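The lines below spell out each chain.
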Amino acid sequence: MQALGIHHVSINVTDVDAALGFYTGILGLTVRDDRPAFGFPGAWLDAGPQQIHLIGAPTPDNLGQHLALQVADLPATVAELRAEGIEVTEPSVVGPGLQSFLVDPSGNAVELYQRVDP
């Protein structure tokens, strides 16, 4: 087998409407309109060419799992989010980039990552 890439990542959220407000209104993702009626609450979002699927279900304990979104300018993004009242960690160096963390309304960890080329 040879994977071609990541199509989507699904995350559980306890309140789909609150999660939609956060991921679209705060983090700038866009809602897809092609999600079938599965019989359980959720939403499909675009994050660039990848998708994030929100599933209305209990969230698991935070044991380090997280979703990482790449941004162009992490310090500016952190400042923008803080101006909106969002708690975000200070950017720190990790590998070839910078990272900060925040949590969504359901308690899921979200990493913001900026690649910094030498």
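So, here is what we can say about the structure in this document. What you are looking at is a predicted structure, and each value in this text was computed from that prediction instead of being measured.

Calculation rules
- Residues numbered from 1 in each chain as written.
- Predicted model: local features only at pLDDT ≥ 70, side-chain atom pairs only at ≥ 80, totals over all residues.
- Heavy atoms only, no water.
- Pairing = 2+ DSSP bridges.
- Helix = DSSP H or I, 4+ residues; strand = E, 2+ residues; numbered from the N terminus.
- Contact = heavy atoms within 4.5 Å.
- Axes fitted to C-alpha atoms, helices over the stretch in contact; angles between N-to-C directions.
- Core = buried A, V, L, I, M, F, W, Y, C linked by side-chain atoms within 4.5 Å.
- Buried < 20%, exposed > 50% of the residue type's maximum accessible area, 1.4 Å probe, protein only.
- Arc of directions from axis to C-beta.
- Polar contact = N/O pair within 3.5 Å; in protein donor to acceptor, adjacent residues only side chain to side chain.

Strand pairing in a sheet relies on backbone hydrogen bonds, with the paired strands running either antiparallel or parallel. Strands sit in the order β1-β4-β3-β2 across an open sheet of 4 strands; the sheet is mixed. Edge positions in the sheet fall to β1 (8-13) and β2 (30-31), since each of these pairs with one other strand and no more. Alignment of strand β3 (residues 42-47) against strand β4 (residues 50-56), held across 6 bridges, turns out to be antiparallel. Residue pairing across strands places Ala43 opposite Leu54, the latter belonging to β4. Set on the sheet, helix α1 (residues 16-26) makes contact with β1, β2, β3 and β4; between it and β3 the angle comes to about 10°.

Looking now at the sheet that holds strand β5 (residues 66-70). Strand order in the open sheet formed by 4 strands is β5-β8-β7-β6, with mixed pairing between adjacent strands. The open sheet has two edge strands with one neighbour each: β5 and β6 (92-94). When the angles between neighbouring strand axes are averaged without regard to direction, this sheet yields 40°. Examined bridge by bridge, β5 and strand β8 (residues 109-115) share 5 bridges and lie parallel to one another. When the bridges of β8 are listed, Leu69 appears paired with Leu112.

Here we come to the nonpolar core. Of all hydrophobic cores here, the largest spans 25 residues; its most connected members are Tyr23, Leu27, Leu54, Leu69, Leu102 and Leu112. When contributions to this core are tallied by element, the ones reaching two or more residues are β1, α1, β3, β4, β5, α2 (74-83), β7 (97-103) and β8. Of all the elements, α1 adds the most residues to this core, at 5 residues. Filtering out sequence-adjacent residues up to four positions away, Leu69 remains in contact with Leu27, Leu29, Ala47, Ile52, Val110, Glu111, Leu112 and Tyr113.

When α2 is considered as a whole, its buried residues turn out to be Leu74, Thr77, Val78 and Leu81. Buried positions in α2, seen along its axis, are confined to an arc of 100° and lie on one side of it. Residues of α2 that are exposed and angled more than 90 degrees away from the buried face: Glu80 and Ala83. Its buried side turned inward, α2 meets α1, β7 and β8. With a side-chain oxygen positioned 3.1 Å from the backbone nitrogen of Ala76, the residue opening α2 is Asp73. Gly85 sits one or two residues past α2 and shows a positive phi near 85°.

Distances and angles like these do not, on their own, reveal function.
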